[in-house]
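Here is how the chains run, residue by residue.
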Amino acid sequence: MATTAPVHPVDEVPPVRQLAAFGLQHVLAMYAGAVAVPLIVGSAMKLSAADLAYLITADLLVCGIATLIQCVGFWRFGVRLPIMQGCTFAAVSPMVLIGTTGGGLPAIYGSVIVAGLAIALLAPVFGKLLRFFPPLVTGTVILIIGVSLLPVAGSWAAGGQGAKDFGEPKNLALAGFVLLVVLGVQRFAPAFLSRIAVLIGIVVGLAVAVPFGFTDFGGVGDADWLGISTPFHFGTPTFHASAIASMLVVALVTMTETTGDLIAVGEMTDRRVEPRTLADGLRADGLSTVLGGVFNTFPYTAYAQNVGLVGMTRVRSRWVVAAAGGILVLLGLLPKLGAVVAAIPAPVLGGAGLVMFGTVAASGLKTLAQVDSKDNDNLTVVAVSVAVGMLPVGVPTVYAQFPDWFQTVMNSGISAGCLTAIVLNLLFNHLPGKTASSAKAAEPDEASGAA
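Novice: How do you make sense of the overall build of the chain when you look at a structure like this?
Specialist: Each helix and strand counted, the chain has 20 helices and 2 strands in total. Relative to the 2.2 N^0.38 estimate, which gives 22 Å for 451 residues, the radius of gyration of the chain is 22 Å and therefore close to what a compact globule would have. Looking at the 451 residues of the chain, the share that counts as buried comes to 55%. For the chain, contacts bridging at least 24 residues in sequence account for 83% of all contacts bridging at least 6. Of the roughly 18800 Å² of accessible surface on the chain, 68% is carried by carbon and sulfur atoms. A gap of 6 Å separates the mean positions of the 22 positive and 23 negative side-chain charges of the chain.

Novice: Teacher, can you tell me more about the pattern of salt bridges here?
Specialist: Where side chains of opposite charge bring their charged atoms close, a pairing between them can arise. Under the criterion given, the structure shown has 6 salt bridges. Here Arg271 and Asp11 are joined by a salt bridge, their closest N and O atoms 2.6 Å apart. You can see Arg271 sitting in the loop between α10 (241-269) and α11 (275-294) and its partner Asp11 sitting in the segment before α1 (16-44), a full 260 residues away along the chain. Overall, Arg271 belongs to the partly exposed group, its relative accessible area being 26%. Residues Asp270 and Arg316 are paired through a salt bridge, measuring 2.9 Å at the closest nitrogen-oxygen approach. With a gap of 46 residues between them, Asp270 in the loop between α10 and α11 and Arg316 in the loop between α12 (304-313) and α13 (318-333) connect regions that are remote in the sequence. On the basis of relative accessibility, which here comes to 24%, the residue Arg316 falls in the partly exposed class. Bridged by salt links that share partners, the residues Asp11, Arg271 and Arg318 form one connected network.

Novice: Please clarify how the environment of Met255 should be interpreted in this entry.
Specialist: Relative to the assigned elements, Met255 resides in helix α10. Taking relative accessible area as the criterion, Met255 reaches 1% and is therefore assigned buried. With 133 residues separating them in the primary sequence, Met255 and Leu122 have C-alpha atoms 9.2 Å apart. Setting aside anything within four residues of it in sequence, one finds Met255 in contact with Ile119, Leu122, Ala123, Phe126 and Leu282.

Novice: For this particular structure, what's the right way to read α12?
Specialist: Count 3.6 residues to each turn of an α-helix, and residues three or four apart come out pointing the same way. Most of α12 is tucked away: 9 of the 10 residues are buried. The complete set of buried residues in α12 reads Ala304, Gln305, Asn306, Val307, Gly308, Leu309, Val310, Met312 and Thr313. Arg314 sits one or two residues past α12 and shows a positive phi near 60°.

Novice: Can you walk me through the packing of α1 against α12 in this structure?
Specialist: Helix-helix packing: each pair is described by the crossing angle between the helix axes and the interaxial distance. Between α1 and α12, the least distance of the axes is 9 Å, while the angle of their chain directions is 155°. Viewed along their axes, α1 and α12 adopt a mutual orientation that is roughly antiparallel. The two elements α1 and α12 meet at a crossing, and its hand is right-handed. Facing α1, whose interface residues are Gln25, His26, Ala29, Met30 and Gly33, α12 presents Gln305, Asn306, Leu309, Val310 and Thr313. Across the contact of α1 with α12, the residue classes tally to 4 nonpolar, 6 polar and no charged.

Novice: Looking at this structure, how should I read helix α8 (residues 197-209)?
Specialist: In this model, α8 (13 residues) spans 18 Å end to end at C-alpha, consistent with the 18 Å of a helix rising 1.5 Å per residue. By the burial criterion, the buried members of α8 are Ala197, Val198, Leu199, Gly201, Ile202, Gly205 and Ala209. At its buried positions, α8 is contacted by α1, α6 (169-188), α7 (191-195), α12 and α15 (346-368).

Novice: Looking at this model, I keep getting lost on the side chain of Ser148. Mind explaining?
Specialist: Within the fold, Ser148 resides in helix α5 (residues 135-157). Judged by relative accessible area, which is 14%, Ser148 ranks as buried. When neighbours within four sequence positions are excluded, Ser148 is seen to be in contact with Met390, Val393 and Ile414.

Novice: Teacher, can you tell me more about the packing of aromatic side chains here?
Specialist: Here a ring pair, both rings aromatic, is described through the centre-centre distance and the interplanar angle of the planes. In total, this model carries 8 aromatic pairs according to the counting rule given. A ring pair is formed by Tyr399 and Phe402, whose centres lie 5.6 Å apart and whose planes are at 85°; its orientation type is edge-to-face. Residue classification places Phe402 among the partly exposed residues on the basis of a relative accessible area of 39%. What links up through ring pairs into an aromatic cluster is the set Tyr399, Phe402, Trp405 and Phe406.

Novice: Looking at this structure, how should I read unusual backbone geometry?
Specialist: Backbone geometry follows two general trends: most residues other than glycine have a negative phi, and most peptide bonds adopt the trans configuration. Of note in the backbone geometry, Arg80 takes a positive phi value of approximately 60° without being a glycine. You can call Arg80 partly exposed: its relative accessible area is 22%. Its identity as a non-glycine residue notwithstanding, Asn296 has a phi of 70°, on the positive side. With respect to the helices, strands and loops of the structure, Asn296 is situated in the loop between α11 and β2 (300-302).

Novice: For this particular structure, what's the right way to read the nonpolar core?
Specialist: The nonpolar side chains of a soluble globular protein tend to be buried, and buried together. Ranked by size, the top nonpolar core spans 110 residues in total, and within it Val41, Met95, Ile108, Val198, Ile202, Phe298 and Leu328 carry the most contacts. Setting aside chain neighbours within four positions, we find Val41 in contact with Met95, Val96, Ile108 and Phe298. Leu143, Leu368, Val371 and Val382 belong to the second largest nonpolar core, which has 8 residues in total.

Novice: Any chance you could explain the side chain of Thr258 here in plain terms?
Specialist: Positionally, Thr258 belongs in helix α10. Residue Thr258 is classed as buried on the basis of its relative accessible area, which comes to 0%. A distance of 2.7 Å separates a polar atom in the side chain of Thr258 from a polar atom in the side chain of Asp285. If we skip the residues at most four places from it in the chain, Thr258 touches Leu282, Asp285, Thr301 and Ala302.

Novice: I would appreciate a short explanation of the confidence of the model for the chain in the present structure.
Specialist: The predicted coordinates ought not to be read in detail in places where the model reports low pLDDT. Taken residue by residue, the chain gives an average pLDDT of 82. The fraction at 70 or more is 91%. Contacts from residues 435-451, a stretch scored under 50 in pLDDT, to residues over four places away or in other chains number 33 contacts.

What counts as what
- Residues numbered from 1 in each chain as written.
- Predicted model: local features only at pLDDT ≥ 70, side-chain atom pairs only at ≥ 80, totals over all residues.
- Heavy atoms only, no water.
- Helix = DSSP H or I, 4+ residues; strand = E, 2+ residues; numbered from the N terminus.
- Rg over C-alpha atoms; globule rule 2.2 N^0.38 Å.
- Buried < 20%, exposed > 50% of the residue type's maximum accessible area, 1.4 Å probe, protein only.
- Contact = heavy atoms within 4.5 Å.
- Areas by Shrake-Rupley, 256 points an atom, 1.4 Å probe, with all protein chains shown as cover.
- Lys, Arg positive; Asp, Glu negative; His and termini not counted.
- Charge placed at Lys NZ, Arg CZ, Asp CG, Glu CD.
- Salt bridge = Lys/Arg side-chain N within 4 Å of Asp/Glu carboxyl O.
- Axes fitted to C-alpha atoms, helices over the stretch in contact; angles between N-to-C directions.
- Parallel < 35°, antiparallel > 145°, perpendicular 65-115°, else oblique.
- Left-handed = near helix turned anticlockwise from the far one by under 90°.
- Nonpolar A, V, L, I, M, F, W, Y, C, P; charged D, E, K, R; others polar.
- Expected span 1.5 Å × (residues − 1).
- Phe/Tyr/Trp six-rings, centres within 6.5 Å; stacked < 30°, edge-to-face > 60°.
- Core = buried A, V, L, I, M, F, W, Y, C linked by side-chain atoms within 4.5 Å.
- Polar contact = N/O pair within 3.5 Å; in protein donor to acceptor, adjacent residues only side chain to side chain.
- pLDDT = per-residue confidence, 0-100.

Structure below.
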């Protein structure tokens, strides 16, 4: 009798009930970040409330489509791993500058379309760079991704950036309560419930938040039932050289960030990313970014928030995240549903975020545990890379006096730390010039971390 080959956990399709629960959990984990980019850009351009709402629904729709492309894939598009897609924050400052200096939204969308095409074309080149990401580099990058996200969770726990009651004890108490619920469910609940610990924590936190006045569902009544994003709603794209140049720099940054996220998920799911699959994932980023420019939204990248959720829940199926993509498409087509999700208070998300983002950092430490750090310079590589990566996170204005292109690259702690780790690994472990004893000490790193 012929035996059926075992299905890899990434390709397993859970029952519909589990798909819906796990998928909704992924949506709630990334929703606040997903809508933040259109809100920031639209507010900076002083768009009307109706236009802001349009930007958000368009963003959610394309987020869902981009996630489906990445998870399900077709031909050479999509990494086919559990990866959520969302608008990149690296593009916010350049887009605000483009939009407020005379170009408006058409100039933004023109530069976004060109950037998306560039990402798709450069994807095979980036795929060949995978050999520069040994465990020493990947572990460092994953650690930086997790640690750089923790301030986001802290901001949510305190009430959300710009909140009038930011930092009040009641906000931190609610976040702490959600954190305890998540930990309690994960420790004591049956296996299935422990895998949706974040979803249960958010639901219980919301149930507690409503009677205490943490949230307002007034926006739900004002939202439309149906919203359809049409191509070039804000006018035909225009193409300005300066806008395109700045967005191409953003494209390189997002490709670097996405590479780190794809490698991290590959580590967590036991399906390591190969040069070809990395190129396929980046190519999907490019296609999604082009769709963003056509359907009135912005550049797309892998969302690190959800990388932590994959590691925490140990649910590795890409079809779970594909279900999340389907939910996002629904939210983009049904603004009233999106308004319900938007009403979840920031402290509730903060409590859950602390666990998820900490899990990413812990995964980086797990990868670094494979690296030989005895009698070599690998600890220096990790130390300096983490320091450079955390600099713009701890001091956001540290590069304020530098040129725009430099700020775009270095203000992203992930890209700054990643580039530093790659360069230092080459410097200490590949370039000639070490003493014989040092070179001998570095030899085992070929297998354990230095490529």
